[in-house]
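Coordinate inspection notes
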Amino acid sequence: QVQLVESGGGLVQPGGSLRLSCQVSGRAFSNYYMAWFRQSTGPEHDIVAAINKIGDSTYYRDSVKGRFTISRDNAKNTVYLQMDNLKPEDSAVYYCAARQSNILSITTALYPYWGQGTQVAVSL
């Protein structure tokens, strides 16, 4: 059984920064393609960023390019999302997700493993 636990969310002012972490336990972390999704006002989970198994290929949604950075430390079984220059529209519950394929997918249904989510609020 794979377990994902996010941390690092909180309240920050516009222009501020947060670093989210996702600790993965249960099986070899390096076997998993990792992604961060977020859910704001609607039911959909929108992909934010993704990273391949060895960390040399990444994906970002257009609205976060240049502001967010995804990375992973396979020795620590952890994936990170560094979020800089945060905007109010970044406010959401952020989830990390894992899948065993090394092919990018932005579809939530193709990620069988999910964390519980961490809240990010960007406001004055």
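Heads up: the structure comes first, above all this text.
Figured I'd write up the structure that's included with this text. (Residues numbered from 1 in each chain as written. Predicted model: local features only at pLDDT ≥ 70, side-chain atom pairs only at ≥ 80, totals over all residues. Heavy atoms only, no water.)

**Quick word on the overall build of the protein chain**
To be explicit about the condition: For the purposes of this entry, the term helix denotes a DSSP run of H or I that reaches at least four residues, the term strand denotes a run of E that reaches at least two, and both are numbered from the N terminus. C-alpha atoms define the radius of gyration, and 2.2 Å times the number of residues to the power 0.38 defines the globule rule. Only protein chains enter the accessibility calculation, which uses a 1.4 Å probe; a residue whose area is less than 20% of its type maximum is buried, one above 50% is exposed, and one in between is partly exposed. Working rule for contacts: check all heavy atoms of both residues, and any pair within 4.5 Å makes them a contact. Each accessible area value is a Shrake-Rupley result obtained with a 1.4 Å probe; residue values ignore everything except the protein chains displayed when judging cover.
For the protein chain, the helix and strand inventory stands at zero helices and 11 strands. In the protein chain, the succession of helices and strands from N to C terminus is β-β-β-β-β-β-β-β-β-β-β. For 124 residues, the compact-globule formula gives about 14 Å, and the C-alpha radius of gyration of the protein chain, at 13 Å, lands near that figure. Principal-axis analysis of the C-alpha atoms gives the protein chain an extent of 40 × 30 × 25 Å. Split into buried and exposed, the 124 residues of the protein chain put 43% on the buried side. Look at the contacts in the protein chain between residues 6 or more apart in sequence, and 58% of them connect residues 24 or more apart. As displayed, the protein chain offers around 6200 Å² of accessible surface, 47% of which is attributable to carbon and sulfur atoms.

**What about the environment of Y80?**
Counting through the fold element by element, Y80 comes out in strand β8 (residues 78–83). The class for Y80 is buried, based on a relative accessible area of 12%. Taking C-alpha positions, Y80 is 9.3 Å from E6, a pair spaced 74 residues apart along the chain. Here Y80 is in contact with R19, L20, S21, W36, T69, I70, S71 and D73, once residues within four sequence places are set aside.

**Thoughts on the state of the cysteines**
What counts is decided by this rule: In this description, a disulfide is simply a cysteine sulfur pair whose atoms lie within 2.5 Å.
As enumerated under the stated definition, the model contains one disulfide in all. With a sulfur-sulfur separation of 1.9 Å, C22 is cross-linked through a disulfide to C96. Across the S-S bond linking C22 and C96, the dihedral sits near 45°, which makes this disulfide right-handed. With a gap of 74 residues between them, C22 in strand β3 (residues 18–25) and C96 in strand β9 (residues 92–99) connect regions that are remote in the sequence. The pair formed by C22 and C96 is uniform in burial state, with each residue classed as buried.

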